[in-house]
Each structure stands twice: as structure tokens, then as C-alpha cells.
Amino acid sequence: GADVAHLTIAFAGSSYRFSGLVPEQLASVRSRFDPLVRSDETSPDVEVDIHYTPSPEGFMRRPVGPSESRVAVAPSEDRIAVAGLGFTANIDRAPLRAQLHTCLADAWFAGAFENLFRIVATYRIFEEGGLVMHSAALVDQARGFLFCGRSGAGKSTLCGLARELEIEVLSDELNAVLPSPSGYSLSAMPFAGDFGGLPIPRPPYPLTGVLGLEHATGPSIRDCSKAEAVSRIVASCPYVNADPRLIDSLVQRARELSSLVPLRILSFAKTTSFWGVLNHEYRHGHG
């Protein structure tokens, strides 16, 4: 109908067109992603069709009271099925595109939209030779640092300390690493928890260091084995590391990344002194 709209959002070198948004959905997406909305009509890299049905029949019910939105992701041979509160979706592998079915148009729609968008963007960046990593990313002049680790490893703590030092946080949750002519670059994605994730167009930053996090009494950086580096990288790549069709190429890519930018372990305590150690280690373009 005439009241259904589309819009294109671009970041990390790819563009995504969402078609079929009803006015309330469009307003909600615009308010969240407006600086990344692209007005030109060149064909997007990925198309996402949205089908809105006001009836909640057949969808996962929203709980009463606050809840963490859980999303189920089930990869199969030619597509990935996704389901969450008030929505289901299918992502076709080749060509990469998605269909979202939802009964949400209010404030809850933003959560469903972002949950699907994260997965679609992760697959798109993987298709482009990159990795989306569950990580914290800090940028300082022309250097980009990526810190990966399981929940509780200290990513949010590190971002809080970086903010005290007035060092820019790209995101404390998902960051994109893409191959570049000189090695790898770090690209901002508009998804985050408490730090970063601001939807502003940014250039990619050279990836200077990749670090695993450990708690300790004081800051230090140590090397780790190639096997540990690869397993830490693979563990940090959501969605694709649970996709049997992609695991072999993910491991291969983790090997390539860790041979160009070796993963090292940063032990740190809850003080800003970690930055001096990092600065010293990576001052002379130490890879």
C-alpha cells in the first residue's frame, strides 16, 4: 500500500534496504539509525522485506514486566531461521537477503528489528571476508584496538576506564574487522550495550591490536599460542561460530587474522593504567 515505506541503512562498507515498514515502524527505525540512513537509490547489498500482521497469533508472546530479549537462531542448508519476541525471520544464504514477519509496530519493534539486523549484518560482513566480533573496540588517532572475551571478561569495565581517559569507544558489544590493503581495518557497527554504538558514519580504523582480556592485579601484556589465539577469535564470533556450514572458513579466517595481527592477552585491574602498557607495546607499530 501507499503507507508502506522502505529505507536504506549503510555502515562498515555495506548497505541494507528494509522494505515494507509501516509508519510507526519507520519512525522507530529512523529515530535509532537516522545518521546512517542513505537517501540514494543505488541498489543495496542486502534486501530485507518486512511483513507486518497486527495479530499476535503464532508469535512468541511478550512477557509481562522487564525481560531480556532472547533470540533463537537455527541455521540449515540454504537459510537461517530466526525467532524472538513478536517476530520470526528467514535469512537466505545466497543471495543474502531476509524476510521478517512481525506483529510489532510499537516500541517493542525496535528490539525485534535490531536483533535481526545484527544477524544479517554479521552474515553480510562474513560474506565480504570480514568478521563480526563480540568485543570492545577503542580508537585513538589512527589506531584501532579490539578486546575480546566472554561475558564477564571485562569489556564493559575497560570501556568505562577508556571513557575516563577520554579515549573513544566504538562499541562494547559488536565490532567489524575487515580485510584492508594494509592488513585489517576496524569498522564501527551501530550495535552496543552501555558504551558506543552511536550511529554516526565513520571511516574504518587500522586494526593495531587484538587482545584477549584477563583480570589481574596490574596491567601486563603477554603472547599466547596460535591455537589459543584462534580459539579465542572463533569463540568471539557470534552466529557464524554456531553455523556448521561456516565453521571451517571461520577457523581459517581466524588463523589469517591472528597471523597478521597476533592476538595477545591483556591482564588488567580496574584502573586506567592499562592504557600506558598498551601504548608502550604498540607505539612502534608492533603487530
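The structure this text deals with has already been given above.
Notes on the structure in this doc start here. Bear in mind the structure is a predicted one, so any value in this text is a computation, not a measurement. (Residues numbered from 1 in each chain as written. Predicted model: local features only at pLDDT ≥ 70, side-chain atom pairs only at ≥ 80, totals over all residues. Heavy atoms only, no water.)

1. Re the sheet that holds strand β4 (residues 46-52)
Then, number 1: Overall, mixed pairing links the eight strands, which are arranged β3-β1-β2-β4-β8-β7-β6-β5 in an open sheet. Looking at the sheet topology across the chains shown, the edges are occupied by β3 (37-38) and β5 (72-75).
Then, number 2: Bridge count between β5 and strand β6 (residues 79-84): four bridges; the pairing is antiparallel. Pairing of Val73 across the sheet is with Val82, part of β6.
Then, number 3: Here helix α1 (residues 23-33) sits on the sheet and contacts β1 (5-11), β2 (14-21), β3, β4 and β8 (97-102); the angle it forms with β1, its principal contact strand, is near 20 degrees.
Then, number 4: Its contacts with the sheet place helix α2 (residues 107-127) against β1, β2, β4, β5, β6, β7 (87-92) and β8, and it is angled at close to 145 degrees to β2. (Pairing = 2+ DSSP bridges. Helix = DSSP H or I, 4+ residues; strand = E, 2+ residues; numbered from the N terminus. Contact = heavy atoms within 4.5 Å. Axes fitted to C-alpha atoms, helices over the stretch in contact; angles between N-to-C directions.)

2. Description of the side chain of Gln25
Then, number 1: Structurally, Gln25 can be placed in helix α1.
Then, number 2: Note on Gln25: relative accessible area 0%, which makes it buried.
Then, number 3: Each residue touching Gln25, except ones within four places of it in the same chain, is listed here: Gly20, Ile50, Tyr52, Thr102, Leu104, Ala105 and Phe109. (Buried < 20%, exposed > 50% of the residue type's maximum accessible area, 1.4 Å probe, protein only.)

3. Looking at the pairing of strand β12 (residues 174-180)
Then, number 1: The buried fraction of β12 amounts to five of the seven residues, a majority that puts the element mostly inside the structure.
Then, number 2: Hairpin remark: β12 followed by strand β13 (residues 183-187), antiparallel, with two residues in the connecting loop.

4. Things to note about the packing of α1 against α2
Then, number 1: Packing of α1 against α2 leaves a shortest axis separation of 10 Å and a crossing angle of 65 degrees. Where α1 crosses over α2, the handedness of that crossing is right-handed. Contacts from Gln25, Ser28, Val29, Arg32 and Phe33 in α1 reach Phe109, Ala110, Phe113, Glu114 and Phe117 in α2.
Then, number 2: Of the residues in the contact of α1 with α2, the class split is six nonpolar, two polar and two charged. (Left-handed = near helix turned anticlockwise from the far one by under 90°. Nonpolar A, V, L, I, M, F, W, Y, C, P; charged D, E, K, R; others polar.)

5. Topic: the nonpolar core
Then, number 1: Counting residues in each nonpolar core, the largest one holds 71 residues, and the members touching the most others are Ile9, Phe11, Phe18 and Phe117.
Then, number 2: Dropping the residues within four chain positions of it, Ile9 is found in contact with Ser14, Ser15, Tyr16, Phe18, Val29, Phe33, Leu36, Val37, Phe113 and Phe117.
Then, number 3: Grouped together as the second largest cluster of nonpolar side chains are 21 residues, Ala136, Cys159, Ala162 and Phe268 included. (Core = buried A, V, L, I, M, F, W, Y, C linked by side-chain atoms within 4.5 Å.)

6. Comments concerning the packing of aromatic side chains
Then, number 1: Under the counting rule described, the total for this entry stands at 16 aromatic pairs.
Then, number 2: Consider the rings of Phe109 and Phe113, whose centres lie 5.8 Å apart with planes at 50 degrees: the pair is tilted. With a gap of four residues between them, Phe109 and Phe113 both fall in helix α2, about one helical turn apart. Each member of the pair, Phe109 as well as Phe113, carries the same accessibility label: buried.
Then, number 3: For the ring pair Phe268 and Phe274, a centre distance of 6.3 Å and an interplane angle of 65 degrees mean the geometry is edge-to-face.
Then, number 4: Taking NZ or CZ as reference, Arg32 lies 4.5 Å from the ring centre of Phe33, over its face.
Then, number 5: Lying across the ring of Phe126, Arg253 places its NZ or CZ 3.8 Å from the centre. (Phe/Tyr/Trp six-rings, centres within 6.5 Å; stacked < 30°, edge-to-face > 60°. Lys NZ or Arg CZ within 6 Å of the ring centre and 35° of its normal.)

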